[in-house]
Amino acid sequence: MAVLRECWVLTLATTVPDKAAPYATPLFYAVVPGEQGDGPRLIFASRPDTTHGRHLAEGPTTVAAGLYLETESIAELRGVQLRGEVVPLPPTAVAARAAYLERHPGAAALLRPDARERLYALTVTWAKLTDNRLGFGYKHEWSFAAPTRDEHRPPVPV
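Overview of the structure. Please read these numbers as outputs of a predicted model, since none were measured by experiment. For every chain, the first residue of the written sequence is number 1, and numbering continues from 1 along that sequence. Local features in this predicted model are restricted to residues whose pLDDT is 70 or higher, and side-chain atom pairs enter the listing and the counts only when it is 80 or higher, whereas totals over whole chains, interfaces and linings include all residues. Note that water and hydrogens are dropped before the side-chain values are worked out from all heavy atoms of the structure.

### A few points about the nonpolar core
The tendency in soluble globular proteins is for nonpolar side chains to be buried side by side.
Then comes step 1: Of all hydrophobic cores here, the largest spans 22 residues; its most connected members are Leu 12, Tyr 29, Leu 42, Phe 44, Leu 67, Leu 82 and Leu 122.
Then comes step 2: Under the DSSP-based scheme used, a helix requires at least four consecutive residues in state H or I and a strand at least two consecutive residues in state E, with every element numbered from the N terminus. When contributions to this core are tallied by element, the ones reaching two or more residues are helix H1 (3-6), strand S1 (9-14), strand S2 (23-32), strand S3 (41-46), strand S4 (61-69), strand S5 (78-88) and strand S6 (118-131).
Then comes step 3: For this core, the element with the most residues is S6, which contributes five residues.
Then comes step 4: The residues contacting Leu 67, other than those within four sequence positions of it, are Val 3, Leu 4, Cys 7, Val 9, Leu 10, Tyr 29, Gly 79, Val 80 and Leu 82. By nonpolar core we mean a set of buried residues, namely Ala, Val, Leu, Ile, Met, Phe, Trp, Tyr and Cys, connected to one another through side-chain atoms within 4.5 Å. Think of it in three bands: with a 1.4 Å probe and only protein chains considered, a residue is buried below 20% of the maximum accessible area for its type, exposed above 50%, and partly exposed in between. Contacts were defined at the residue level, with two residues in contact if any of their heavy atoms lie within 4.5 Å.

### Points about the pattern of salt bridges
Then comes step 1: The rule for a salt bridge is simple: a side-chain nitrogen of Lys or Arg has to be within 4 Å of a carboxyl oxygen of Asp or Glu. Taken as a whole, this structure holds five salt bridges when the rule is applied.
Then comes step 2: Of the charged contacts, one joins Arg 78 and Glu 6 as a salt bridge, the two residues approaching to 2.9 Å between their closest N and O atoms. Separated by 72 residues along the polypeptide, Arg 78 in strand S5 and Glu 6 in helix H1 bring together distant segments of the chain.
Then comes step 3: Given a relative accessible area of 14%, Arg 78 falls into the buried group.
Then comes step 4: Since its relative accessible area comes to 35%, Glu 6 is described here as partly exposed.
Then comes step 5: A salt bridge links Asp 49 to Arg 47; the shortest N-O distance between them is 2.8 Å.
Then comes step 6: On the basis of relative accessible area, Asp 49 is assigned to the partly exposed category, the value being 40%.
Then comes step 7: We classify Arg 47 as partly exposed; its relative accessible area is 25%.

### So, the pairing of S4
Then comes step 1: Where S1 meets S4, three bridges bridge the pair, whose relative direction is antiparallel. Bridging from a neighbouring strand, Thr 11 pairs with Gly 66 of S4.
Then comes step 2: Here S4 pairs with S5 via nine bridges, running antiparallel. Considered in S5, the bridge of Leu 69 is made with Arg 78. Paired strands, in this sense, are two strands between which DSSP finds at least two bridges.

### A closer look at the pairing of S2
Then comes step 1: One ladder, built from six bridges, connects S1 with S2; its direction is antiparallel. The residue bridging Val 9 from the neighbouring strand is Phe 28, located in S2.
Then comes step 2: Bridging between S2 and S3 involves four bridges; their strand directions are antiparallel. Note that in S3 the partner of Tyr 29 across the bridge is Phe 44.

### Brief notes about the environment of Ala 65
Then comes step 1: Mapping Ala 65 onto the fold places it in strand S4.
Then comes step 2: With relative accessibility at 9%, the residue Ala 65 sits in the buried group.
Then comes step 3: Taking the C-alpha atoms as reference points, Ala 65 and Thr 25, 40 residues apart in sequence, are found 9.3 Å from one another.
Then comes step 4: Not counting the four nearest positions on each side in its chain, Ala 65 is found in contact with Leu 10, Thr 11, Leu 12, Val 80, Gln 81, Leu 82 and Leu 122.

Laid out in structure tokens, this is it:
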């Protein structure tokens, strides 16, 4: 799924179990490979006091996301729809922090030790690529094993 590395922003959709209204927010992310057959992991930074941060809480939280390369041409449309689980990462997740800052070096001030922002990892469990360059409506799907509750470990850098 090369398009994951070509895009910069994902739209994360969250919900609260006792409420019907979903919430979507754009987030910058970095991609790191999964481990032992897990799906890729998307690392993003956010504050726990935002609406989506409250939805994610201490996780794992099931979410959906989408990312697309902008174009005005339907024939050039490319993007990915995702489902997965998000967990907040501990401050000791050095490899995840390094991967995020390699892609977004301007975010270093946001991730200083006393900052309110924290890192989160979205482990992809399902993905559907749409790539109209390969034919109008071309789609390809992947499924990955959902991590067990104790498998949410910090990802390794790429």
